[in-house]
Amino acid sequence: TQLLEQSPQFLSIQEGENLTVYCNSSSVFSSLQWYRQEPGEGPVLLVTVVTGGEVKKLKRLTFQFGDARKDSSLHITAAQPGDTGLYLCAGVSYSNTGKLIFGQGTTLQVKP
Amino acid sequence: DVKVTQSSRYLVKRTGEKVFLECVQDMDHENMFWYRQDPGLGLRLIYFSYDVKMKEKGDIPEGYSVSREKKERFSLILESASTNQTSMYLCASSSPGLEESNEQFFGPGTRLTVL
C-alpha cells in the first residue's frame with residue numbers, strides 16, 4: 001500500500017514568516033499534487049509536479065518534487081493571513097487509475 | 001464554472017437510520033469518488049466509480065455502498081448509520097487521460113453527525 005507522510009500536521013506562525021511543509025513516501029509516484037482547502041469548502045488544486053527535481057512557483061508558494069519522485073515540499077515565503085487553510089499533498093501512482101493517495105494534511109494558521 | 005454539488009452541507013441522523021448522500025457534477029467526468037475526512041487522517045477513499053454502473057472499493061468501504069445510475073450522479077449510502085460514521089464526507093470527480101487531468105474537483109462537503 002502506498003502511503004504519504006505529511007509534516008508537520010499543524011503550523012501556527014506570524015504574518016511574514018517563512019514555512020515549509022513536507023510530503024514523504026517510500027513509494028515512487030508518477031506525479032504529485034498539492035491542494036488547499038479552506039473552511040467549509042472542498043480542496044482545490046494548487047499545482048501538479050510531474051518531473052523528478054521539478055520546481056514550480058505560484059506567487060509566494062514554491063513546490064518541489066524530489067529527484068527520486070518519492071517526496072515533495074511546499075515552501076511559503078512571507079506568509080499572509082490569506083494563506084491560512086489545510087494543505088494536502090496527493091500522489092498519483094504509475095497505474096494511473098485516477099485514484100489519488102492523500103497525505104494527512106497540514107493545517108496552517110497565519111496570524112496577523 | 002465547473003461544479004460539484006452535494007445535496008446537504010449538514011446532516012444529523014440517528015443510529016440505525018439509512019442515509020443517502022448525493023453528489024452531482026456538471027463536467028461530464030467519467031470518474032467520481034467518495035471520501036471521508038477526519039482530523040489528522042487526511043482524505044480516505046470510500047468508493048470510486050469510473051463509469052456508469054461501475055464501482056470499486058476504496059480503502060474503507062465497510063458500512064457503505066454506492067450507486068451510479070447516471071454519469072453525473074454518484075450516491076453514497078450508509079445502510080445503517082453508526083456513531084463512528086460521524087465525519088465530513090467529500091465527493092470529487094475527474095477525467096481520465098493525461099497526467100494533469102488527474103486533478104480532482106471537489107464538492108463543498110457534507111458534515112454528517114450520527115447520534
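Predicted model, so just to flag it, every value in this text is computed and none were measured.

Calculation rules
- Residues numbered from 1 in each chain as written.
- Chains lettered and ligands numbered in written order.
- Predicted model: local features only at pLDDT ≥ 70, side-chain atom pairs only at ≥ 80, totals over all residues.
- Heavy atoms only, no water.
- Helix = DSSP H or I, 4+ residues; strand = E, 2+ residues; numbered from the N terminus.
- Rg over C-alpha atoms; globule rule 2.2 N^0.38 Å.
- Buried < 20%, exposed > 50% of the residue type's maximum accessible area, 1.4 Å probe, protein only.
- Contact = heavy atoms within 4.5 Å.
- Areas by Shrake-Rupley, 256 points an atom, 1.4 Å probe, with all protein chains shown as cover.
- Lys, Arg positive; Asp, Glu negative; His and termini not counted.
- Charge placed at Lys NZ, Arg CZ, Asp CG, Glu CD.
- Pairing = 2+ DSSP bridges.
- Axes fitted to C-alpha atoms, helices over the stretch in contact; angles between N-to-C directions.
- Salt bridge = Lys/Arg side-chain N within 4 Å of Asp/Glu carboxyl O.
- Buried area = accessible area lost by both parts, 1.4 Å probe.
- Polar contact = N/O pair within 3.5 Å; in protein donor to acceptor, adjacent residues only side chain to side chain.
- Nonpolar A, V, L, I, M, F, W, Y, C, P; charged D, E, K, R; others polar.

### So, the overall build of chain B
- Helices and strands together make up the secondary structure of chain B, namely zero helices and 11 strands.
- Secondary structure of chain B in N-to-C order comes out as β-β-β-β-β-β-β-β-β-β-β.
- Taken against the 2.2 N^0.38 rule, which gives 13 Å for 115 residues, the C-alpha radius of gyration of chain B at 13 Å falls within 12% of a compact globule.
- In terms of its C-alpha atoms, chain B occupies a principal-axis envelope of roughly 40 × 30 × 25 Å.
- By residue count, 48% of the 115 residues in chain B fall in the buried class.
- The contacts of chain B with a sequence gap of at least 6 include a subset with a gap of at least 24, amounting to 56%.

### So, the overall build of chain A
- Across its full length, chain A holds zero helices and 11 strands.
- When the helices and strands of chain A are listed from N to C terminus, the series reads β-β-β-β-β-β-β-β-β-β-β.
- Taken against the 2.2 N^0.38 rule, which gives 13 Å for 112 residues, the C-alpha radius of gyration of chain A at 13 Å falls within 12% of a compact globule.
- Seen through its principal axes, chain A has C-alpha atoms that stretch 45 × 30 × 20 Å.
- Taking all 112 residues of chain A together, 50% fall into the buried category.
- Here the analysis covers contacts within chain A between residues at least 6 apart in sequence; of these, 56% occur between residues at least 24 apart.
- Looking at chain A as shown, the accessible area adds up to about 5000 Å², and 51% of this sits on carbon and sulfur atoms.
- Placing the 9 positive and 9 negative side-chain charges of chain A at their respective mean positions leaves the two points 5 Å apart.

### Some thoughts on the sheet that holds strand β7 (residues 61-65) of chain A
Residue and element names in this part refer to chain A.
- Ordered by their spatial adjacency, five strands build an open sheet running β1-β3-β8-β7-β6, and the pairing between neighbours is antiparallel. Two strands close off the open sheet at either side, each with one partner strand: β1 (5-7) and β6 (55-58). Ignoring strand direction, the axes of neighbouring strands in this sheet form an average angle of 15 degrees.
- Pairing of strand β3 (residues 19-24) with strand β8 (residues 71-76) involves six bridges; the strand directions are antiparallel.

### A look at the pattern of salt bridges
- Enumeration over the complete set of coordinates arrives at 10 salt bridges over all chains.
- One salt bridge connects A:R36 with A:E38, and the closest N-O pair in it is separated by 3.6 Å.
- With relative accessibility at 39%, the residue A:E38 sits in the partly exposed group.
- Of the charged contacts in the structure, one is a salt bridge between B:R44 and B:D38, with a shortest N-O distance of 2.8 Å.
- Taking relative accessible area as the criterion, B:R44 reaches 26% and is therefore assigned partly exposed.

### Things to note about the interface of chain B and chain A
- On the chain A side, the residues contacting the 23 residues of chain B number 25 residues.
- Between chain B and chain A, a total of about 1800 Å² is buried, with carbon and sulfur atoms accounting for 49% of that surface.
- Put simply, chain B and chain A have zero salt bridges between them.
- If you look at where chain B meets chain A, you find six residue pairs in polar contact (both at pLDDT 80 or more).
- Elements with a minimum of two residues in the side of chain B that touches chain A: β4 (31-38), β5 (42-51) and β9 (87-94) of chain B.
- A breakdown of the residues in the side of chain B that touches chain A according to their chemical character gives nine nonpolar, nine polar and five charged.

### Here we look at the environment of A:S25
Residue and element names in this part refer to chain A.
- Among the secondary structure elements, S25 is positioned in the loop between β3 and β4 (31-37).
- Note on S25: relative accessible area 15%, which makes it buried.
- A sequence separation of 22 residues divides S25 from L3, and the C-alpha atoms of the two residues are 6.0 Å apart.
- Not counting residues within four places of it along the chain, the set of residues in contact with S25 comprises L3, L4 and K70.
- One polar contact links the side chain of S25 to the main-chain amide nitrogen of S27, over a distance of 2.9 Å.

### Things to note about the sheet that holds strand β8 (residues 73-78) of chain B
All names here are of chain B.
- Read across the sheet, four strands follow the order β1-β3-β8-β7 without closing on themselves; strand pairing throughout is antiparallel. One side of each edge strand has no neighbouring strand; the edge strands of this open sheet are β1 (4-6) and β7 (64-70). Here the average twist between neighbouring strands, direction ignored, is 20 degrees.
- Note that β7 and β8 share five bridges and pair antiparallel. Each bridged residue has a counterpart across the sheet, and for S67 the counterpart in β8 is S75.

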